[in-house]
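The lines below spell out each chain.
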Amino acid sequence: MSDPTPPPDAPDIMTQVHEAVGGLELEPSEKREIWRFAQHELPYLWSQRTSYFILGSYRDPYIRRLRAVQNELAKQLGAYPFVMGDLMELPTDRLNAFDIMFALLATYTDYIVGVFEKESGGEASELGEIDDPPYFDKSYVFPRDYTWFTDTNLDSKHHVIQAAIEVAFTDDLTDDEKQKQINSLVDRAQDNDIDLTTQDVWDTFNEREDNESEPATYSWVHLNKFRKFELHDRCFPWSTEQELRTVVAKLPSPTPRPEWEEREEE
């Protein structure tokens, strides 16, 4: 196999790579593998199609939701939705291949789409990557069962219990801190004439804890990151796979749209 030659965008590509590896000096064999990856995968992102880099867990059943998003996006003419796990591998014994691949793909893709159902795993670090520049402005998040609770929307028993469940599942809080926050939620609910007690909350929590269909729960760190996207109108919660398939339509469509589609809407 002949050695790949550097592509025209080689300086920009190497800038991203050097940032990803913390400025380490690359060995000739590592550069060859990076050029090979770049030549094989990046042309799809430089094409006229609109690319969507889909993030999330590759474990079952979570991978099924990534495929659902990918399939919905693929129905649109001009869309190129992809999952990193499907792409060419970047074999490097010394370097972190994931960091290099992620940096290149996230830099040159049009949109980044994060599907989140839990707070652990590689997708947690991916969330930390996309909630700040240079990737934030092109990123969208789809967290399962997410709701940001404030005084203004704690207007029903369901909302209060859901907020309390989020607190109860938070690992960053002690049992005493959880109890205090739940008591505070119940007090505010009662002030709003909602018929609810702390025992009602804990009874519901125990039922869900024993149920295989536990709600997705996140740390306060995750919730605040989701909230940031929400304030920028780029956070789309969902509960079922069908809801996820439906809400994918909120992503920017491939551009430019075909003339026949424009005529259909006139």
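In the block above lies the structure referred to throughout.
Residues numbered from 1 in each chain as written. Predicted model: local features only at pLDDT ≥ 70, side-chain atom pairs only at ≥ 80, totals over all residues. Heavy atoms only, no water.

### Thoughts on the overall build of the protein
If you tally the helices and strands in the protein, you get 11 helices and four strands. Here the protein holds 266 residues, and 46% of them are scored as buried. Intrachain contacts of the protein at a sequence separation of at least 6 include 76% that bridge at least 24 residues. About 14200 Å² of surface is accessible on the protein, with carbon and sulfur atoms providing 46% of the total. (Helix = DSSP H or I, 4+ residues; strand = E, 2+ residues; numbered from the N terminus. Buried < 20%, exposed > 50% of the residue type's maximum accessible area, 1.4 Å probe, protein only. Contact = heavy atoms within 4.5 Å. Areas by Shrake-Rupley, 256 points an atom, 1.4 Å probe, with all protein chains shown as cover.)

### Focus on the pattern of salt bridges
Inspection of every chain in the model, using the stated rule, returns 14 salt bridges. Where Glu-72 meets Arg-245, a salt bridge forms, and the shortest distance between an N and an O atom there is 2.8 Å. Here Arg-245 lies in helix H10 (residues 241-247) and Glu-72 lies in helix H3 (residues 62-74), a separation of 173 residues in the sequence. A salt bridge links Glu-230 to Arg-227; the shortest N-O distance between them is 3.1 Å. Here Arg-227 and Glu-230 lie together in helix H9 (residues 220-231), a separation of three residues that amounts to about one turn. By relative accessible area, which is 23% here, Arg-227 ends up partly exposed. (Salt bridge = Lys/Arg side-chain N within 4 Å of Asp/Glu carboxyl O.)

### A look at the side chain of Thr-50
Inspection of the secondary structure assignment puts Thr-50 in strand E1 (residues 50-55). With relative accessibility at 4%, the residue Thr-50 sits in the buried group. Once you skip the residues sitting within four places of it in the chain, Thr-50 turns out to touch Gly-78, Ala-79, Tyr-80, Asp-110, Tyr-111, Pro-254 and Thr-255.

### Overview of the packing of aromatic side chains
By the definition in use, this model includes 15 aromatic pairs. With 4.9 Å between their ring centres and 45° between their planes, Phe-136 and Phe-229 make a pair best called tilted. Taken together, the residues Phe-136 in the loop between helix H5 (122-130) and strand E4 (139-143) and Phe-229 in helix H9 connect sequence positions 93 residues apart. Comparing Phe-136 with Phe-229, the two get one shared label, buried. Considering the side-chain rings of Tyr-146 and Phe-226, the 5.5 Å spacing of their centres and the 70° angle between planes classify their relative orientation as edge-to-face. Of this pair, Tyr-146 sits in the loop between E4 and helix H6 (157-168) while Phe-226 is found in helix H9, placing the two residues 80 residues apart along the sequence. Classification of Phe-226 by relative accessible area gives buried; the value is 0%. Through a chain of ring-to-ring contacts, the aromatic side chains of Tyr-44, Phe-53, Tyr-80, Phe-82, Phe-98, Phe-102 and Tyr-135 assemble into a single cluster. (Phe/Tyr/Trp six-rings, centres within 6.5 Å; stacked < 30°, edge-to-face > 60°.)

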